[in-house]
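# Structural features, examined
Here is what each chain is made of, one letter per residue.
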Amino acid sequence: MFTSPSSSRPAHVRSHRSGPSGLLSTALLVASALPLAPAAAQDIHKCLVDGKLSYSDRPCPQSATSASTLARQAAPPADPAAAASLTRMRKEALALEKSRLAREDQQAKQDAKVAQAAAVRQRRCDKLRLQRQWADDDARRASGSNSDAARTRARRAADLLALECGR
């Protein structure tokens, strides 16, 4: 069995989906393959050739030192209740899958709204930072009676930035 250096799990185990959805799809695959099994009973031939025991669905070769045939019992008839149960489980699986897809779609829409709101907030904060920088520049360049008013505008711009953006 091959394992990759990045994981101790075998490659064939990692390739399958895990979790409830993967388990459900695996169970459905196995359940749907059951009706495909051959219904007719076949004999099994037990052969001893050159000291080696083998089982086959074909008659033993003439070189076999010992040969016997084991009769297989016929498969039981299909259970109508099992077929109905399988149909019910398939419907439930489809309903669960539909519900999961709806939840994922709703979550994606909600994530998009959150991302959009974050982008709007980021633009608002960037604008307030720029206004604060301009107010600080104006306060440094102001002289005389304009100096107090410019410092007040710079302080107010800093307060607004801290209030809106937390910095």
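So, here's what we can say about the structure. All values derive from a computational prediction rather than experimental measurement.

## Observations regarding the overall build of the chain
- When you go through the chain residue by residue, the secondary structure sums to 4 helices and 3 strands.
- Each helix and strand of the chain, ordered N terminal to C terminal, gives the series α-α-β-β-β-α-α.
- Taking all 167 residues of the chain together, 12% fall into the buried category.
- When contacts within the chain are restricted to residue pairs at least 6 apart in sequence, long-range pairs at least 24 apart make up 41% of them.
- With the model as given, the accessible surface of the chain reaches about 13600 Å², and the carbon-plus-sulfur share is 57%.

## Observations regarding a nonpolar patch on the surface
- A cluster of nonpolar residues, Leu53, Tyr55 and Leu70, forms a patch on the protein surface that exposes about 300 Å² of accessible area.
- Relative to the elements of secondary structure, Leu70 occurs in strand E3 (residues 66-70).

## Thoughts on the nonpolar core
- Judged by nonpolar contacts, Ala135, Ala139, Ala150, Ala154 and Ala157 together constitute the single largest core of 5 residues.
- The element best represented in this core is helix H4 (residues 145-165), accounting for 3 residues.
- Each residue touching Ala139, except ones within four places of it in the same chain, is listed here: Ala150, Arg151 and Ala154.

## Quick look at the environment of Pro61
- Checked against the element boundaries, Pro61 lands in the loop between strand E2 (52-56) and E3.
- For Pro61, a relative accessible area of 45% translates into the label partly exposed.
- When residues no more than four places from it in sequence are discounted, the contact partners of Pro61 are Cys47 and Val49.

## Thoughts on helix H3 (residues 80-141)
- Over its 62 residues, H3 runs 91 Å from end to end, which matches the ideal 92 Å to within 8%, given 1.5 Å per residue.
- Those residues of H3 that sit buried are Leu86, Ala93, Cys125, Leu128, Ala135 and Ala139.

## A few points about the sheet that holds E3
- The 3 strands are arranged E2-E1-E3 in an open sheet whose pairing can be described as antiparallel. Each having just a single partner strand, E2 and E3 make up the two edges of the open sheet. Ignoring which end each strand starts from, the neighbouring axes of this sheet average 15° apart.

## Some words on the side chain of His45
- Looking at the secondary structure, you find His45 in strand E1 (residues 44-49).
- Owing to a relative accessible area of 14%, His45 belongs among the buried residues under this scheme.
- Sequence-distant contacts of His45, that is, excluding residues within four places in its chain, are made with Ser54, Tyr55, Ser56, Asp57, Arg58, Pro59, Cys60, Ser68 and Thr69.

## Side note on the pattern of salt bridges
- For the structure on display, the rule yields 10 salt bridges.
- Across the salt bridge formed by Arg132 and Asp136, the nearest N and O atoms sit 3.7 Å from each other. With Arg132 and Asp136 both in helix H3, this residue pair falls 4 residues apart, about one helical turn.
- The class of Arg132 is partly exposed, set by a relative accessible area of 32%.

Conventions and cut-offs
- Along each chain, the written sequence defines residue order, and numbers are assigned to residues from 1.
- Local features in this predicted model are restricted to residues of pLDDT 70 or higher, and side-chain atom pairs are both shown and tallied only at a pLDDT of 80 or more, whereas totals for entire chains, interfaces and linings draw on every residue.
- With hydrogens and water stripped out, all remaining heavy atoms of the structure feed into the side-chain values.
- Note on conventions: DSSP H or I runs of at least 4 residues are helices, E runs of at least 2 residues are strands, and numbering of each starts at the N terminus.
- Burial classes: relative accessible area under 20% of the type maximum marks a residue as buried, over 50% as exposed, and values in between as partly exposed (1.4 Å probe, protein chains only).
- Between two residues, a contact is recorded if the distance between any of their heavy atoms is within 4.5 Å.
- All accessibility values rest on the Shrake-Rupley procedure with a 1.4 Å probe; residue burial counts only the protein chains present in the view.
- Nonpolar side chains (Val, Leu, Ile, Met, Phe, Trp, Tyr) within 5 Å and like charges within 9 Å form the patches, drawn only from residues with over 30% relative accessible area and no salt bridge.
- By salt bridge we mean one thing: a side-chain nitrogen of Lys or Arg within 4 Å of a carboxyl oxygen of Asp or Glu.
- Nonpolar cores were defined as sets of buried Ala, Val, Leu, Ile, Met, Phe, Trp, Tyr and Cys residues, with membership established by side-chain atoms within 4.5 Å.
- The length a helix should cover is 1.5 Å for every residue beyond the first.
- Here a strand pair is declared whenever DSSP counts at least two bridges between the two strands.
- Between the N-to-C directions of two axes lies an angle of 0 to 180 degrees, each axis being a line fitted to C-alpha atoms and, for a helix, fitted only over the stretch in contact.

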